[in-house]
Every structure is written in structure tokens, then in C-alpha cells.
Amino acid sequence: MVLHYNMVQYSNWMLRQHRQVCNKKVCVIDWFNIYCHLCVHVQVSTKMMDKYVREEPMIRGPNFLVRLRSHTVFENTAIKLFCTIEGFPMPIQQTVATSLILISLCVPLLCLSAAMLPKIQYTKINITFVETFGPVFASEGGSATLSATMTLNPNLANLQPEAQWYRDDTRLFDSKWVKIDTGRGVTTLTLPNLYKDDEGLYTLRMVTKGGTAEHSAFVSVADGPPPVPAAPGAPMDIKIHDANRDYVIVSWKPPNTTTEGPILGYFVDKCEVGTENWTQCNDHPIKICKYPVSGLFEGHSYYFRVRAVNSHGISKPSRMSEPIAALDPTEFERLHAKKLGGKLDVVSYHDEVEADGKPPGVPSGMYASETDRTYVVLSWKAPAYSSTAPMWYYIEKCLLDSGAWQRVNTQVPIRSPRYAVFDLAEGKQYKFRVSSANIYGTSEPSEPTGPIETQELKGVPSAPGQVIATRETDNSVLIQWAPPKEPNNLIGYYIDQCVKGSKDWTSANHKPHRNTKFVVSGLTKGETYVFRVQAINELGLSDESQESAPLTVKAALTSPSAPYDVALLNCDGHSMVLNWKKPLRSGGAPIKEYYVDKRRSGTTMWREVHIPPLTERLYKVEDLKEGATYQFQVYAANLAGLGPASKHSADFTCEAWTMPEPGPGYDLSFCEVRDSSVVVEWQKPVYTGSGPITGYHVEYAKKGSSDWTTANETAVSHRFLKVTGLEVGTSYVFRTRAVNAAGVGMASMASDSVTAKAVEGAQEVSCVVDEKSGDIVLSFEACQMNEGSQFIWKKDYKEITDFSKGVVIKTEGSHSKLIFKNADKEDFGTYSVSVTNTEGVSSSYTISAEELAKMLALSYDIRHPIIPLKSELAYKILERGRMRFWLQAEEISSHVTYKFFANNKELIHIPKMGHNVSTGIIEFIMDHFTEENEGTFTCQITDGGGKAQSSLVLIGDETLSLSLWLLFTPGPHFSEFLSLQVGDDCSVTLICKVNTDTLFKNNTSPCVHIQEICVPCVPLFLLQFSLKTTGVYKATISDDRGKDMSQIDISGKSKSSAAELVINCTVIEPMEKDKGLYSIVITDPENSHKRTLDLSGDVYEKAFVVGGLPDVVTIMEKKTLSLTCTVCGDPKPQVSWLKNGAEYVVSLDQGKFASLTIKGVTMEDSGRYTMIVQNKYGGESVDIVVSVYRHGEKIPEAKPALTPKTIIPPKLPIEIPQPKTQAAPAPAPSAPSPAPPRAAPGRGVKSPTPTRRK
């Protein structure tokens, strides 16, 4: 009850104090803390009473509640031993000594003191980064994630490393802009909303008490899309300086303007915390990167941001600053505490303590804490003051040596001993003093400060010095430069890059860099660049430095990493055969040499086992002591020097191997890694056991597992195997076992792990037959190519080195071809290709024997093509009895060759033989063509690998005989008879041609007469053709050897005159709709003339072959022969085929097509085939020569002796239909006159013709 009463009294007293303080406007009192102190005081008082009341029953002797227990720990690991005891009163401390350590007993918890323990050896945790982050290139507004995966050895659950992230050596923590997540061997840093402030070198440090592992990479953040084109980038790195009751000073860094115009100024914006209302602080752009913002409300918090301005527009705003409160920074210095009793006190300001009314004391120690061009921040020491009346300050300024003091703050009282004086002249010297005041008066001024000079604007920095670029990696370059001679408050540097030969400069960094070294990342390997640097301060950017010398991006040479996995392959009791794996990193140059050291197990001295360096990864160590145990280590070297030593091998005992099974294989490698398969290759064991090796087994296991699975139950004889059925994205290790008659041998050393995942963009090998050359081509397009990359082609996974059989490898850029010029049936197998210096780019293609046979046949067809012909072999009769034979091919080259045959005999010594490459015409001229030359003429063409053949049969051709007679007739005669031509003006001309051969006797010209109408000479022009000029015109030619005559009837009355109205056209495959009367009407101003022709009758009835059949067919054995042509006739013709004169097959083909098909032709199918097409009105037959040859044989040269088409007479008499009478619209003959056969339209007929002479 007494305690309760006292507590109530104490509470009431505290409430009275609270009211009193509130009336005096005490600003800082933590009533919650006061109440907590009160509760603690009550609890302590209660416990103290309980202690004395219950002390007697608690007396007891010491006792161990928890005793010391045994521990098993790692070597060199710190350990703490604990035990718990009890006893009352407190047991006396005792120290127990043992042979190992001293133990100090404490109560109630017993532990070892640091003085008694040996020196602590922290556990060394080896941290290996499995996956790391690389350089990141992003833009403002995006996001970026940096992640690293690691392994720990040993991995102790209660001793995990701490992940520390840094940006430019500034540690990062979880915030609005940064998210960090760490656990289970993975740490991740996420930047959810990127600004240029986030650019920099990011470093991950995994910290343990035994050491630190770290990894770094650069994150580049480029400007986002501007609000208007060519607007500047946003400023960055907003900082708040000298925050006070009503003002703050804001500073920032300018953006790079490599591709934009110069910055004209900046706008500063503010926003009160808790709102989203941004207001602009300055009306006009300011040109320097610092601005004092005034007019703030005391106690309010604000955000700030900055925007840049150029001639094109305003940039995006910068990232907003951290919130800052407008408070007096010296406010807490004026607080004091008053004891209330015990540990409790009341806090108040010095100037709120009761005192007598008098002015404050004089301030002291005034100085300038910050100077700028137009303002100075002043600080001073407040006087001792204890009054309830408020105190404030007055500041005065004076130009040096002027003596005129001017008060600065006439309207705004200053309550803080810190103030920024604005609107000062640039580069001037001032003195300042301060006075304190209250309602009772003003103190004397303080001692004036010394001369304080405002800064003078010196301009931007001078240009940096020489820029030097040096190689670093395959995609980065180290840039170094000399600082500017006039830094002028230097903020940092911007680095620009440009491909040599272009003027397209881009920014390498988007945030000012402080140091004079910078690593430019994200460059293209093999490309040549130049670099330049600009310095910046708060006024802007300097001039560009001179450009660096051009530098090609390429990794700098370093020494190789250490070899690893030293393995024993054989031992004979006095020597050992060793193998090791090549270094993971070659250092940018090929590894040239290896060095091997040895030592006896248990010793520390290494000895080199050979003087000359090794070039292979297989070495036999000689002169070993039988039964001794050895360890080995290996070094690798390249042009840059010697790399570190490998981890020493396991203990190898020098004892001879006598087991009958084979030893281990070695050098396991991988290619053709896909999502569910991988091809494994290896080398055969050095130790073969008691007999030859007959096969191999491949085993695999998931990484980190010892559960091995055999990939092939049946041993394979070759040293490669495609392992299938893998899980995509899973890592595996492989090993091999050799087999001989004694059994399965030792397992090889496990391979490096490989992940079953295809390389992005991986392509496969394709196999085609070239359409032009007929070569068999294996083609591969690499999805990755690096400097020094080469294509390695293999057959059955053995590198192809023998090119004597016409195998050619052609590589252009990222495309490589394996070409078989002379492939044969033994070239089937698996062909693989791999690309060195890549992430395992490889592929293969298996050519089976069946596929190879098909490709060989296609290749033969391509290499022995048929040259297409535009026109078959034809003839033309020339003067003097000469005959021109010619044909036209679609295309020929200048290397074309050809032969002509007449009746199966090659025509040799033909002077007038030639060809025209542009037109494709091949021809020869026979000077004297007689009846003895009649028969079959054939032309065979060879152009490259192509061939063609065409034949012409000249037997019993009446037109040919007549022409030849005319050419060999003695005496004068007409080579062209009378004919008429109608000009564009409707004039009619009669023309004939007289033979001017040298057969004319005594070189006398013949006399030509055109009779019927007096015509003086040839040609005869009839300018007005009418009925008066119609009639029969006759021309004669004569000399003393004889005469010749030609006439033409143009009267319109004789039958011969109708020849002019014959329809000179050809109807191919006439159809029923084409039947009918065809008319032509000739009209002059007075009359109209009409002629009509009836197209019907036997033209639709007689059976004939329209076309489509060749003269000669040459075909390879086992191919399919198809002979197809078009036939016409009504009724439907019957088609028969004969072979060598004997009936072969009879077919009634549907429609207008007839065909003969023989599948899988043999040598017996060679011969002469005859197709007969006929109906009751007649028909015709056509011969085709078929020649079959075997595969691989030379194509036979066909020498056909063909017969012309044979006309088959009708089986029944044919009634020739008479033309029907049709009325003409104008006077004209009542019936048309059909043209006589073989009469050319518009041509005269020679009459009479003399007897043909031989």
C-alpha cells in the first residue's frame, strides 16, 4: 500500500511537470521514455524486496547443471566450450589447469576466456564462383539484375559468408533503388528502375573471417528516349548541402553531350514529402551545377530534382534526391537536460530557462564554412544564454578596406548560428560580423572575420592530356589519360569512342568518372577504335582531348592457368606414364610447353623430371624407384610466360601393372552438345592388358552424384559414342572403360562436367549434290566465330588429312564446306565438323550406303546432262548446189565441240563448219549435195559435261529434188519465179529473181522479157491495181543456150489465182470448235472481194503424230524409260508399238496422249522402237532408237540411221468433201478455189518443167 501510494504521488508530480513544461513551450520531451523509466524503477524496487525476503531458503552448494561435453571439429577451427553451474550465494571462482588448456569458471555460464585459449585460427572457406555476372548495358527506365552462383568448401551451415555489394567502392544496402537477395550459394542484386546514377563498377565481395572472394563488372546506363528530339540527357547525382530552416543548397553533375547540343542551363524543382506537386524553383535557367533554394517552410521535408535545357528542349528530370528536412542544424546543440531524480530528466532549450531580463552575450568564432561565386555560408558560436525570451542574430557585411558595414538580414530574423549570405559580388573580398539580440536589447558585434573572398568564375577545365588505349579482353579496352592542367573544380571525365574511319562518336560512360583510368566494355572483337576524353566541372564540359592511337580490340596476352587432373595411365615398375588436362584459360596465346615436377610423398622438395619442355600432354617419367610413392605437378607456358603449377597429383606407387584387363582411357572430350544428347570422344588406353582391346563402354552420372549409368550395354569398337536420353539443362560427367577378352578394364578419370543444352543458334550439317558441278557437298554454318577459330572436319571422328582422293575443304567466313569431287561407294560414314575457340559449336551428318548410291546417281546425271535445243537439225538450200545444215541450242560455251555424221560416217575435213556462242547456232555447209548424199544426217554436241544429238532424214523429198534440179539446170533460169508484193500504198509489184551463176556462156547476160502487158524490165510496178491491170503475166529469160519462163495469173478468174487467198497458218491439235468456214474480205473504194476456205474433212480424221518423241534416247540401266507424244485423229486413232519390227505392245490411250513406259530398263531393252498411229482414214509411223548403258560406263555416242516418217494409206476410200457455196456481199466468184498442194501463197508456178537430170 505504501509503495502504491508513493507511485501515485510520483505520477501526479510528473503530470504537473508536464503541464508546466507545455505552458513554457518545451519542444523536445520524450514522455514515453519517462514512463518506461518509471515502470523499470517500480519493477526493480519490487525485485529488491523479494530478494531479501527469500534469500535464506535459497542457500545451496555449487552444482554443475550442464557439464562439458566432447566435440569433433575440423582442424584449425575455433571452438568454445561451455558448462552451466548453480549455487547460492555465488560460488567462488576457481581455475582448473589441464595439460592442454586453462579453464576459467564463470557464473552462471562457464566459458573459456580469450587469455587462456591458444591463438584463434579461423576456418579457411574456399569460395569458387560458378556463374558470375558480366558487363550490363541498359537504358534509363529499364532494370538490371546481377547474379552470382558459388560453391563453398567446406560448406558449414552456421558459418556462411556475407555477401557485400559495392558500386564504385560505396557499399549498397536494400532500398527503394536496390534489392539484394542472398542465400543457398546464390546472391542477386536487382536495380528495378535504372537511372544514370546507377552506372558504375559493381563489385561483389563474399566476406568470411578467413578471407574474401570478389568479382566485378561494369554497368552502363545510357540516356533514355528524350521528351523531344535532340534534347539533352538528364542530370544526375543530386546532392543536398547546408540544409537550414528556410533554405538548402542543391548540386548535381551535368550530362554528357556527345550527340546533343551544348547545355544552356538547368531548372531545379522541389516537391514537399507526402505530395506529388513539383514546383519549379528558378524562373530562368542557371548555368552552374549548384543552386541555393530558399523560401522553405521550417520543419517541412522536401524532394529535389533537376532538368537540363539546350536549344532543342528540356531533358527528362533527374532521379529525385533523398528527402531533406528544413531544420536548424544547431538546434540540438542548444538542448539541455534537467534531472528529475534517478535516471529521469527533462529536456529543454537554454533560452527557455528562467533568468533575469537582459540582452544576450556577444557571439564568437565566426568563420566561412563554404564559399562560392555569389554566396558564403557563415558559422559562429552562440553566446551562453539562459532566458525565456527568444534570441536571434543580425549579420553585417563589409567590403574589404571600405569600412561601411551593411546589415544583411533586415527582415528575416536568424535563430540559428549558421547562415548563407547570398547576392555577393564574384571575386570580391568581404568581412562579416554578427550580433545577438532579444527583446531586452542587442549585444555588441562580434570580432570581424578575416578577408573572405568569393570564388571567381574560371570557366570549364582545360582539355585532358594524351589518351592511351591498351588491350585488356576480347571486348574491352583500358583507357588512360593525363589530367587537365587547369582543373577548375574538376568533377570528372566523359569518355567517347568511335570506330576507326567513321565519325560516329558514342559515349562510353554516362556518369562522370573521377579517375584517369577507365575500362571501356562492350566493344566488338577485332574492330579498331579510337578514343577521346572530356573533363567537366559545374560549368560544363571542356574541349575534347586529342584522339588516341587506333587500337584493335583483342585480349591481352597473359600466362595460362594451371593444368589439372594429373592421371596415371601405366606403370612398369620403373617408369610411369602420366596424362593431364590442358588449362582452362590459355591466356590469349597457344600453349607451347609443359613442365613436370616430381617429389616423394611426404617430402616438400619438388624436382624437375626433364630438361627440354614437353609439347604433348602424355609423358613417361623414367628412373623411378620400384615400390616408392610419388606425387607430380605440371606447369603450362605460352608466349606470355609460365603459368601456375597444377594441384599435385594423388599418391602414385611405382608398382608394375599386371592385371589382364585394360587400363584407363584418357582425354575425354565432347562435341555436338544438344538438349538431350552429347557425343563423347576419347583416346585408347596406354595399357591394353593381356590382349587387344575389343570395345568400349561409356558411363555417365549427374554432376555431384556417384550413381553411374552405362550408356551402351553392347561395347562399341570405335572411340566415340552419341549418348542420348539426357535431361535438358542438367550437367553430367562421363568416363569410359575398355574391354578385352579378360573383361572390363579400369575406369578413366571422370571428365569435366557438360550441360545438356544446345548452343544458342546452333546449326546442323546439310548434305546436297551441287546442281552445276555434281559434287557431293557437306555444308555447315557456324553460329559463333572468334579470332583464331578454325573448322575441323572429321570422318568417323578422325580428322581428315588425306586430300588425294579429291576431297576439298572450302571455308569462307562462318561457312565451311566439305566437297567430294570424285566420290565413290566407300565414302559413306559419319562426317563431323567442330569450330575451335567457341563454346562447343559442332555438328555431324551420317551418310548411309543407300543414300550415297542415290547421290552418286544424281551426281552422274548432273555431270552428264542433255544440252537443250531450241531447234533440231535442219537444212537450207543455197546457191550453186550447196546445202547448209544447222541446229540451235539453248546455250553453248566457247569450249563446245561437235561432230557431224552422214549415214553413220563422220564428216571430216569440212572447211565450212562453225558455231556462234551468242545465238547457240552450230552449222556446216556441204558444197555439192547430190542424190548420193541423201540419207540421215546427225550432229553430236559436247559442251562441258553436257551432250546433245539431233538427226535429219533427207530421203525422197520432192521439194529438195526440185530445188536441186533448179540449181543444176544449165543455161539461164529463174531462181525465184514471179510473185507479187502489195505495198503500204496499195501498189502491186511483180518480182522475179534470175540465176546469175557463172554457167552463163561467154559472160553474156541473159535477156529478160515480161510479156502480156508491155513491161520493159523487172521489177514491174502496178501503181493503180484494178480490173484493167488484171490478167496473166509471163516472164521469160533466154540466151544462146536456151530460155526459161515464169508466169503468174492475177486476173482472179483462173484456178491458180486463188492461191493468193490460201490461209497460211497452222492449227496445232485442231479441235472440234476449230471447224468451219474461214473468210477473208478485200475491199477497195469501188468493190469488195471475199474468199472462203472450209476447214473440215480429213484434216480432222486422218491419224497423225503431232510431236513429243525424240529421235534417239540414251538411258542408264535400272532407270525408267517414258516415251510420250501427242496424237490426233477422228475417229480416235489406234496406237501400236513395235520393237525391232516385232509387235511389242498395243495400247488404246485415252485422250490425245500416247505413251510407252518401261520401268527398270535393262540392256535387252536397247533397240529400235516404232510407234504406229492410224485410223480408217490413214496414219503414220515414227521410229525411236533406244540405247541402254550400265552405271559407270561411258555414255555411248549414238549414231542413228533413222528412217523418215512413213505415211500409212487409208484402209477405206476417202471422200473429199466439196466446199459449200456461200453468197458474197459484193461481186465475187461464187465459190472459193482451194489452193493446189505444195503451192506457196503469192508465188508463181514454173511451166513446163524439163526432165530432171542426174
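A few points on the structure. Keep in mind the model is a prediction, meaning the values are calculated, not measured. (Residues numbered from 1 in each chain as written. Predicted model: local features only at pLDDT ≥ 70, side-chain atom pairs only at ≥ 80, totals over all residues. Heavy atoms only, no water.)

## Here we look at the overall build of the protein
When its secondary structure is counted, the protein shows four helices and 89 strands. Evaluated residue by residue, the protein yields a buried proportion of 40% over its 1254 residues. Residue pairs in contact within the protein that sit at least 24 positions apart in sequence constitute 63% of those at least 6 positions apart. As displayed, the protein offers around 70100 Å² of accessible surface, 52% of which is attributable to carbon and sulfur atoms. (Helix = DSSP H or I, 4+ residues; strand = E, 2+ residues; numbered from the N terminus. Buried < 20%, exposed > 50% of the residue type's maximum accessible area, 1.4 Å probe, protein only. Contact = heavy atoms within 4.5 Å. Areas by Shrake-Rupley, 256 points an atom, 1.4 Å probe, with all protein chains shown as cover.)

## Structural notes on helix α3 (residues 849–863)
The end-to-end C-alpha distance of α3 is 21 Å, a good match for the 21 Å that 15 residues give at a rise of 1.5 Å each. Within α3 the residues assigned to the buried category are Leu852, Met855, Leu856, Ala857, Ser859, Tyr860 and Ile862. The elements touched by buried residues of α3 are β57 (766–769), β58 (776–781), β64 (842–847), β82 (1112–1116) and β88 (1178–1189). (Expected span 1.5 Å × (residues − 1).)

## Quick look at the packing of aromatic side chains
Note on aromatic pairs: each is described by the distance of the centres and the angle between the planes. What the rule picks out here adds up to 27 aromatic pairs. Members of the aromatic cluster, connected to one another through ring pairs, are Phe885, Tyr898, Phe900, Phe924 and Phe937. Geometry around Tyr166 places Arg205 over its ring, the cationic atom sitting 4.2 Å from the centre. Stacked on the ring of Tyr630, the Lys or Arg Arg600 has its end atom at 5.6 Å from the ring centre. (Phe/Tyr/Trp six-rings, centres within 6.5 Å; stacked < 30°, edge-to-face > 60°. Lys NZ or Arg CZ within 6 Å of the ring centre and 35° of its normal.)

## A short note on the pattern of salt bridges
Scanning the entire structure with this criterion turns up 29 salt bridges. Residue Arg418 pairs with Asp242 through a salt bridge whose shortest N-O separation is 2.2 Å. Taken together, the positions of Arg418 in strand β29 (residues 418–421) and Asp242 in the loop between β15 (236–241) and β16 (247–253) put the pair 176 residues apart, joining distant regions of the chain. A salt bridge links Arg305 to Asp269, with the nearest nitrogen and oxygen atoms 3.1 Å apart. One end of the pair, Arg305, is in strand β20 (residues 301–310); the other, Asp269, is in strand β17 (residues 265–272), with 36 residues separating them in the sequence. With a relative accessible area of 2%, Asp269 lands in the buried category. A single salt-bridge network, built from bridges that share partners, covers Arg167, Asp198 and Arg319. (Salt bridge = Lys/Arg side-chain N within 4 Å of Asp/Glu carboxyl O.)

## Thoughts on the sheet that holds strand β26 (residues 376–381)
Read across the sheet, three strands follow the order β25-β26-β29 without closing on themselves; strand pairing throughout is antiparallel. Each edge of the open sheet carries a strand with a single partner, namely β25 (364–371) and β29. Adjacent strand axes in the sheet meet at a mean angle of 25° when their direction is disregarded. Inspection of the sheet shows β25 paired to β26 by five bridges, in the antiparallel sense. Bridge pairing in β26 links Tyr367 to Ser379. (Pairing = 2+ DSSP bridges. Axes fitted to C-alpha atoms, helices over the stretch in contact; angles between N-to-C directions.)

## What about the environment of Gly573?
Among the structural elements, Gly573 can be located in the loop between β41 (564–571) and β42 (576–581). Given the relative accessible area of 4%, Gly573 is considered buried. Considered as a pair, Gly573 and Glu622 are 49 residues apart in the sequence and their alpha carbons are 9.9 Å apart. Each residue touching Gly573, except ones within four places of it in the same chain, is listed here: Leu624, Lys625, Glu626, Cys654, Glu655 and Ala656.

## Some remarks on the pairing of β15
Of the strand pairs in this sheet, β15 and β16 are connected by four bridges, and their pairing is antiparallel. Each residue of the ladder has a partner; that of Ile240, found in β16, is Val250. Hairpin connection, β15 to β16: the antiparallel pair is bridged by five residues, and Asp242 has positive phi, about 50°.

## Notes on the sheet that holds strand β49 (residues 666–671)
Reading across from one edge, β49-β50-β53 is the order of the three strands in this open sheet, with antiparallel pairing throughout. Two strands in the sheet have a free side with no partner beyond their single neighbour: β49 and β53 (720–723). Recorded for the sheet is a direction-independent mean angle of 25° between the axes of neighbouring strands. Taken together, the four bridges between β49 and strand β50 (residues 678–683) define a ladder with antiparallel strand orientation. By the bridge assignment, Cys671 is partnered in β50 with Val679.

## Considering unusual backbone geometry
A cis geometry characterises the amide bond from Asn153 onward to Pro154, with omega recorded as 0°. Tracing the chain through its elements places Pro154 in the loop between β8 (144–153) and β9 (162–167). At Glu672, a residue that is not glycine, the phi angle is positive and equals roughly 50°. Within the secondary structure, Glu672 sits in the loop between β49 and β50. Since its relative accessible area comes to 6%, Glu672 is described here as buried. You will see that Tyr797, though not glycine, has its phi angle at about 60°, which is positive. Mapped onto the elements, Tyr797 comes out in the loop between β59 (791–795) and β60 (798–799).

## A few points about the nonpolar core
The nonpolar side chains of soluble globular proteins are, as a tendency, buried together. Core analysis: the biggest nonpolar cluster contains 25 residues, and Ile127, Phe133, Leu146, Leu189, Tyr202 and Leu204 have the highest contact counts within it. Going through the elements one at a time, β7 (136–139), β8, β9, β12 (186–191), β13 (200–208) and β14 (211–222) are the ones with two or more residues in this core. In terms of residue count, β8 provides more of this core than any other element does, five residues in total. The residues contacting Tyr202, other than those within four sequence positions of it, are Phe133, Leu146, Tyr166, Arg167, Leu172, Leu189, Leu191, His215, Ser216, Ala217 and Val219. Judged by nonpolar contacts, the second largest core, of 23 residues, contains Ala782, Trp793, Tyr831 and Ile862. (Core = buried A, V, L, I, M, F, W, Y, C linked by side-chain atoms within 4.5 Å.)

## With respect to the pairing of β58
In the case of a regular strand, side chains alternate between the two sheet surfaces. The buried count for β58 comes to five of six residues, which makes it a mostly enclosed element. Adjacent in sequence and paired antiparallel, β57 and β58 are bridged by six residues, among which Gly774 carries a positive phi angle near 80°. By the bridge criterion, six bridges tie β58 to strand β62 (residues 815–820) in an arrangement that is antiparallel. Of the residues in β62, the one forming a bridge with Phe780 is Ser816.

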